[in-house]
Amino acid sequence: MFKNFAPAAICGALLVGASMPAAATTYEYRMVVNTVHVTVSCFRGPFSEVIWDRPNPVFIDSLVSAGYTFPEAHAIGERVCRDPSTVDRPDAAVQVMYQIIAENPPGR
């Protein structure tokens, strides 16, 4: 009996999971600092805890275009998007980015 039930249960679980809407959000803000254009864009996971949060590629690319190296841009993106104080507060993420640019300007 279990042999017949297991495939049906797996299919049912997959269908239920596929029909649920994704709770993750993405936000994006553009900022200009002394002619440096940075797009702060983060993927927010479905939880209020910082678990799946990460920078979107447009964020990393804009930091590289602004003058940061790729490793610096990736580290800055992770720092901004994974900051617990910016959860559900995209304006706070932009403020963190302003602070990072002030402390460590691009091309330094």
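None of these values were measured; they are calculated from a predicted model.

S.K.: What is the right way to read the environment of Phe47 from this model?
M.R.: By secondary structure assignment, the location of Phe47 is in the loop between strand E2 (36-44) and strand E3 (54-55). Assessed through its relative accessible area of 40%, Phe47 is described here as partly exposed. Spatially, the C-alpha atom of Phe47 lies 9.6 Å from that of Val87, the residues being 40 residues apart in sequence.

S.K.: Looking at this structure, I do not really get the nonpolar core. What am I missing?
M.R.: The tendency in soluble globular proteins is for nonpolar side chains to be buried side by side. Among the nonpolar cores identified, the biggest contains 19 residues, and Val38, Val40, Phe59, Leu63, Ile76, Val80 and Met97 are the most heavily contacted of them. At six residues, helix H4 (residues 90-103) tops the list of elements feeding residues into this core. Once you skip the residues sitting within four places of it in the chain, Phe59 turns out to touch Val38, Thr39, Val40, Ser41, Cys42, Gly77, Val80, Cys81 and Met97.

S.K.: How should I be thinking about the state of the cysteines in this particular structure?
M.R.: Every disulfide links exactly two cysteines, by a covalent bond between their sulfur atoms. Under the defined criterion, the tally for this structure stands at one disulfide. For Cys42, the disulfide goes to Cys81, at an S-S distance of 1.9 Å. Classification of the bridge connecting Cys42 and Cys81 rests on its S-S torsion, roughly -75 degrees, and on that basis the disulfide is left-handed. Placement of Cys42 in strand E2 and of Cys81 in helix H3 (residues 70-81) is noted, with a sequence separation of 39 residues between them.

S.K.: Which parts of the structure should I look at to understand the side chain of Asp53?
M.R.: Locating Asp53 in the fold gives a position in the loop between E2 and E3. A residue is classified by how much of its surface remains accessible, and Asp53, at 3% relative accessible area, is buried. Apart from residues lying up to four places away in sequence, Asp53 is in contact with Phe43, Arg44, Gly45, Cys81 and Arg82.

Conventions and cut-offs
- One numbering rule holds for all chains: residues counted from 1, following each sequence as written.
- At least 70 in pLDDT is required for a residue's local features to be given in this predicted model, at least 80 for side-chain atom pairs to be given and counted, and no such filter applies to totals for whole chains, interfaces and linings, which use all residues.
- Side-chain metrics rest on all non-hydrogen atoms present in the structure, leaving aside hydrogens and water.
- A run of H or I in DSSP counts as a helix once it spans at least four residues, and a run of E counts as a strand once it spans at least two, with each numbered from the N terminus.
- Any residue under 20% of the maximum accessible area for its type is buried, any over 50% is exposed, and the rest in between are partly exposed; the area is computed with a 1.4 Å probe on protein chains only.
- Residues belong to a common nonpolar core when they are buried Ala, Val, Leu, Ile, Met, Phe, Trp, Tyr or Cys residues joined through side-chain atoms within 4.5 Å.
- Residue contacts are counted whenever heavy atoms from the two residues lie within 4.5 Å of one another.
- We call a pair of cysteine sulfur atoms a disulfide when they lie within 2.5 Å.

Spatial relationships are all this shows, so hold off on functional conclusions.
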